[in-house]
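Architecture at a glance
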Amino acid sequence: MMFALAHLSDPHLSPMPRPRLVELMGKRAVGYFNWRSNRGAHHSPDFLSALVADLKHRGFDHLAVTGDLVNLGLPDEYALARRFLESLGPGDRVSMVPGNHDAYVRGTALLHIDLWKDYIAGDEPAQDSGIAGAAFPYLRRRGNLAIIGLSTAIPTAPFLATGRLGKAQLLEFERLLKITKEERRFRVVLIHHPPAGKHSPHEILTDAKAFCAAVAREGAELVLHGHKHKAMLQKIAGPERDVNVIGVPSASNPGTAPERGGAYNIYRIGGEAGAWTCDMESFGIARGGAAIAKIRSAKLL
Ligand SMILES: [Fe+2]
């Protein structure tokens, strides 16, 4: 039986609610100016609607959304994002992980955990460790898949877009990789920041090395991320074979393929442990094209 897993990321939803003056302090002031002068032009709500309509028409068994739903962390933005998630599907068919913009400033950094909770809820309720953000990692079993969702979302200073997993989350992540390997599942890891490759210091995952070390010990079948707003395919070492690490562009960027044009991916997963198959198809607008169509495909496993 084939399982169709869809993936989109970084919708940076707009129109942005007009912030009240008192909300435009510190980091938000920089971000708001940035949005008005530049960023907003790269994110189109109409394009996003068209892309989502195309995805829903094509159909999927499960959808992964790898973060950056909001821009400045305004309370109204989280409510808008909640409606966006509901438009994609119910919480048990859509798995979300937050990005750096979803924890933009300290005051609202944990709002996403509350407002989007059915999209980040694991099959079993998270142990109440008392740590803020203890909803992560979560584990969801769907078909032959184990979907592991991680949070790299931490509030940072202006001009910074870094992420961090932290020791507690990394330990639990490795344990989940191990038990789901023993269950012979196809393990899909969702993470906003790319855990592989070289990136400029202001936007890195600070503990990417520890993430890669966990995967090197326990393996994984697929790692999906966002953050860079472009199509990417990288590899990290696993115990037996390399692990595919895949990024999608921002789902609201109305540009064209191949670089940054908005797109979503569908991974078709079949076979069984030791003999998995996984094919990827990307849908967006080809250069010179006018409608959303298949822009690339790859055999991953
Ligand atoms: Fe990001």
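Because the structure is predicted, anything quoted here is derived from the model rather than measured.

Rules and cut-offs
Residues numbered from 1 in each chain as written. Predicted model: local features only at pLDDT ≥ 70, side-chain atom pairs only at ≥ 80, totals over all residues. Buried ≥ 20, exposed ≤ 12 C-beta atoms within 10 Å, placed from the backbone. Helix = DSSP H or I, 4+ residues; strand = E, 2+ residues; numbered from the N terminus. Pairing = 2+ DSSP bridges. Right-handed = clockwise from strand over helix to strand, strands pointing away. Core = buried A, V, L, I, M, F, W, Y, C linked by C-beta atoms within 7 Å. Contact = placed C-beta atoms within 7 Å. pLDDT = per-residue confidence, 0-100. Axes fitted to C-alpha atoms, helices over the stretch in contact; angles between N-to-C directions. Arc of directions from axis to C-beta.

This paragraph deals with the pairing of strand S5 (residues 145-149). Side-chain positions along a regular strand alternate between the two faces of the sheet. Within S5, five of the five residues are buried, which leaves it mostly tucked inside the rest of the structure. Alternating positions in S5 separate into two faces, Leu-145, Ile-147 and Gly-149 on one and Ala-146 and Ile-148 on the other, with burial throughout. Bridge count for strand S4 (residues 138-142) against S5 is five bridges, and the pairing is antiparallel. In the sheet register, Arg-140 faces S5, and the bridge partner there is Ile-147. Once S4 ends, the chain turns through two residues before running back antiparallel as S5, passing Gly-143 with a positive phi of about 55°. In this structure, S5 lies alongside strand S6 (residues 186-190), joined through five bridges in parallel fashion. Residue pairing across strands places Ile-148 opposite Val-189, the latter belonging to S6. Between the parallel pair S5 and S6, the chain is carried across by helix H5 (residues 167-182), and the sense of this crossover is right-handed.

On to unusual backbone geometry, then. Cis rather than trans, the peptide bond between Phe-136 and Pro-137 has omega equal to 0°. You can see Pro-137 is positioned in the loop between helix H4 (111-115) and S4. Cis geometry is adopted by the peptide bond preceding Pro-258, which originates at Ala-257 and carries an omega value of 5°. Tracing the backbone through its elements, the reader meets Pro-258 in the loop between strand S9 (243-247) and strand S10 (263-272).

In terms of nonpolar packing, the biggest core is built from 73 residues, with Ile-148, Leu-150, Val-188, Leu-190 and Tyr-264 touching the most fellow members. Broken down by element, the residue count for this core peaks at five residues, all from S10. Ignoring sequence-local partners within four residues, the contact set of Tyr-264 consists of Ala-6, His-7, Leu-8, Leu-51, Leu-55, Val-248, Ala-251 and Phe-283.

When pLDDT is averaged across the protein, the result is 92; 97% of the residues are at 70 or more. Counted against residues more than four places away or in other chains, residues 129-133, with its pLDDT under 50, gives six contacts.

Strand order in the open sheet made by the six strands is S4-S5-S6-S7-S9-S8, with mixed pairing throughout. Each edge of the sheet is formed by a strand with only one pairing partner; in this case those strands are S4 and strand S8 (232-236). Ignoring strand direction, the axes of neighbouring strands in this sheet form an average angle of 20°. Pairing of S6 with strand S7 (residues 222-225) involves three bridges; the strand directions are parallel.

What the six strands build is an open sheet, ordered S3-S2-S1-S10-S11-S12; its pairing is mixed. Each of the sheet's edge strands pairs with one partner strand only, and the pair in question is strand S3 (94-96) and strand S12 (293-299). Within this sheet the neighbouring strands show an average axis-to-axis angle of 20°, counted without direction. Where strand S1 (residues 3-8) and S10 come together, five bridges link them in antiparallel fashion. Looking at the pairing, Leu-5 lines up with Tyr-267 of S10.

Before going further, it helps to spend a moment on helix H1 (residues 27-37). Looking at H1, one finds that the buried residues are Arg-28, Gly-31 and Trp-35. Taken around the axis of H1, the buried residues stretch over an arc of 65°, which confines them to a single face. Turned more than 90 degrees away from the buried face of H1, the exposed residues are Phe-33, Arg-36 and Ser-37.

Across ten bridges, the pairing between S10 and strand S11 (residues 275-284) is antiparallel. Of the residues in S11, the one forming a bridge with Ala-263 is Gly-284. Connecting S10 to the antiparallel partner S11 that follows it, the hairpin turn spans two residues, and Gly-274 within it adopts a positive phi of roughly 90°.

What follows concerns the environment of Pro-125. Inspection of the secondary structure assignment puts Pro-125 in the loop between H4 and S4. A residue is classified by how many C-beta atoms lie within 10 Å of it, and Pro-125, with 9 of them, is exposed. The sequence separation of Pro-125 and Ala-135 amounts to ten residues, and the corresponding C-alpha distance is 8.4 Å.

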